[in-house]
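Spelled out, the chains give:
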Amino acid sequence: RTDTLTGRPNGDASLDLLAAQIEYHRRRDEPLSIAYFDCDRFKQVNDRLGHEAGDRCLLLVGTALSEGLRRSDYPCRIGGDEFAALFPSTGSGDAALVMERLRGRLARTLAAEGFPVTVSVGVIEVPDVDVEPDRFTDLVVALQFDADLLLRLHGVVHPGHGVGIGDGSVQRPR
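Residues numbered from 1 in each chain as written. Predicted model: local features only at pLDDT ≥ 70, side-chain atom pairs only at ≥ 80, totals over all residues. Heavy atoms only, no water.

**A short note on the pairing of strand S1 (residues 32–40)**
For S1, the tally of buried residues reaches 9 of 9 residues, placing the bulk of the element in the interior. In terms of strand pairing, S1 meets strand S3 (residues 82–88) through 7 bridges, oriented antiparallel. Each bridged residue has a counterpart across the sheet, and for Ser33 the counterpart in S3 is Phe87. Pairing between S1 and strand S4 (residues 118–125): 8 bridges, direction antiparallel. Each bridged residue has a counterpart across the sheet, and for Ala35 the counterpart in S4 is Val123. (Buried < 20%, exposed > 50% of the residue type's maximum accessible area, 1.4 Å probe, protein only. Helix = DSSP H or I, 4+ residues; strand = E, 2+ residues; numbered from the N terminus. Pairing = 2+ DSSP bridges.)

Below is the structure:
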C-alpha cells in the first residue's frame with residue numbers, strides 16, 4: 001500500500017485515504033482540495049537516460065512533494081509519473097498556490113539534475129465536485145486532461161472552483 005520507490009501511499013491507499021477524507025470533510029462542511037499532477041516528457045527520461053534515471057527523477061518528484069506540503073496534507077503516488085496531494089480543510093485557491101510554488105521548485109530541481117521534465121497540475125475542491133471515492137480514477141483522468149491542456153493555455157480557472165496551473169501563472173477562483 002506504499003509505493004516502494006517514493007515511500008508515498010500508492011494508488012490503492014490513495015483511494016482509501018480519499019474516501020475517508022471526503023466523508024470527514026462533508027460531515028463537517030469543510031473544504032477538501034485535491035491536486036493531481038503528472039510529469040510531462042517523463043518518457044523521454046526513460047528512453048534517453050534509462051530507467052535508473054527515470055527512477056531518480058520520480059524519487060526527486062516524490063521527495064519534493066512531501067517536503068513542499070504541510071504535515072496535515074497527504075502526498076501520494078498514483079502510479080507511473082502521476083502524483084496527487086490531498087489538502088484537508090483547504091480551498092482550491094490556497095491549494096493551487098501551494099502547488100504552484102511546488103511546481104516552480106520542481107522545475108528548478110529537475111532542470112538542475114538534467115531532466116527535461118515539467119509538471120502539469122490540476123486542483124479541485126471536493127465539495128464543489130460531485131465525486132464519490134470509487135470514481136477517483138475518473139476524476140484523475142479528467143484532471144490529467146485539464147492539466148495537460150492548461151499547460152498549453154498558461155493557467156485557466158475551471159467552473160466549480162477548479163484551478164489549473166500551467167506555465168507559471170495561477171488564477172484564483174472568483
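Anyway, onward from the coordinates.
**A short note on the nonpolar core**
With 28 residues, the main nonpolar core has Phe37, Phe87, Met99, Leu106, Leu110 and Phe115 as its most contacted residues. Mapped by element, the contributors of at least two residues to this core are S1, helix H2 (42–49), helix H3 (51–68), S3, helix H4 (92–112) and S4. Excluding anything up to four places from it in sequence, Leu110 contacts Cys57, Leu60, Val61, Phe115 and Val117. Counting residues in hydrophobic clusters, the runner-up holds 9 residues, among them Leu17, Leu18, Cys76 and Val126. (Core = buried A, V, L, I, M, F, W, Y, C linked by side-chain atoms within 4.5 Å. Contact = heavy atoms within 4.5 Å.)

**As for the environment of Leu106**
In this fold, Leu106 is placed in helix H4. A relative accessible area of 1% places Leu106 in the buried class. Sequence spacing of Leu106 and Thr118 is 12 residues, and the spatial spacing of their C-alpha atoms is 7.7 Å.

**Section: H4**
Helix length check: H4 (21 residues) gives 30 Å between terminal C-alpha atoms against 30 Å at 1.5 Å per residue, within 8%. Along H4, the residues classified as buried are Ser92, Gly93, Ala95, Ala96, Val98, Met99, Glu100, Leu102, Arg103, Gly104, Leu106 and Leu110. (Expected span 1.5 Å × (residues − 1).)

**Let's talk about the pattern of salt bridges**
Counted under the stated rule, the structure contains 8 salt bridges. A salt bridge links Asp16 to Arg1; its shortest N-O distance comes to 2.3 Å. In this pair, Asp16 sits in helix H1 (residues 11–28) while Arg1 sits in the segment before H1, placing the two residues 15 residues apart along the sequence. Arg1 gets classed as exposed once you look at its relative accessible area, which sits at 54%. For Glu113, the salt bridge identified is with Arg56, shortest N-O distance 3.7 Å. Placement of the pair is Glu113 in the loop between H4 and S4 and Arg56 in helix H3, with a sequence separation of 57 residues. (Salt bridge = Lys/Arg side-chain N within 4 Å of Asp/Glu carboxyl O.)

**Describing the confidence of the model for the chain**
Put simply, the chain has an average pLDDT of 77, and 72% of its residues get 70 or more. Per-element mean pLDDT across the chain ranges from 38 in strand S5 (residues 157–158) up to 93 in H3. Considering only residues more than four positions removed or in separate chains, one finds that residues 150–174, a stretch of pLDDT under 50, has 67 contacts. (pLDDT = per-residue confidence, 0-100.)

**Brief notes about the packing of H3 against H4**
Two numbers describe how H3 lies on H4: the axes approach to 10 Å, and their chain directions differ by 145°. Note on packing geometry: the crossing formed by H3 with H4 is right-handed. Together, Cys57, Leu60, Val61, Ala64, Leu65, Glu67 and Gly68 of H3 and Val98, Leu102, Arg105, Leu106, Thr109 and Leu110 of H4 make up the contact between the two elements. When the residues that make up the contact of H3 with H4 are grouped by side-chain class, the tally is 9 nonpolar, 2 polar and 2 charged. (Axes fitted to C-alpha atoms, helices over the stretch in contact; angles between N-to-C directions. Left-handed = near helix turned anticlockwise from the far one by under 90°. Nonpolar A, V, L, I, M, F, W, Y, C, P; charged D, E, K, R; others polar.)

**Describing the packing of H2 against H3**
Following both chains from N to C, one finds H2 and H3 inclined at 145°, their axes separated by 6 Å at the closest point. For the pair formed by H2 and H3, the contact residues are Phe42, Val45, Asn46 and Leu49 on the first element and His51, Ala53, Gly54, Cys57 and Leu58 on the second. For the contact of H2 with H3, a count of residues per class yields 6 nonpolar, 3 polar and no charged.

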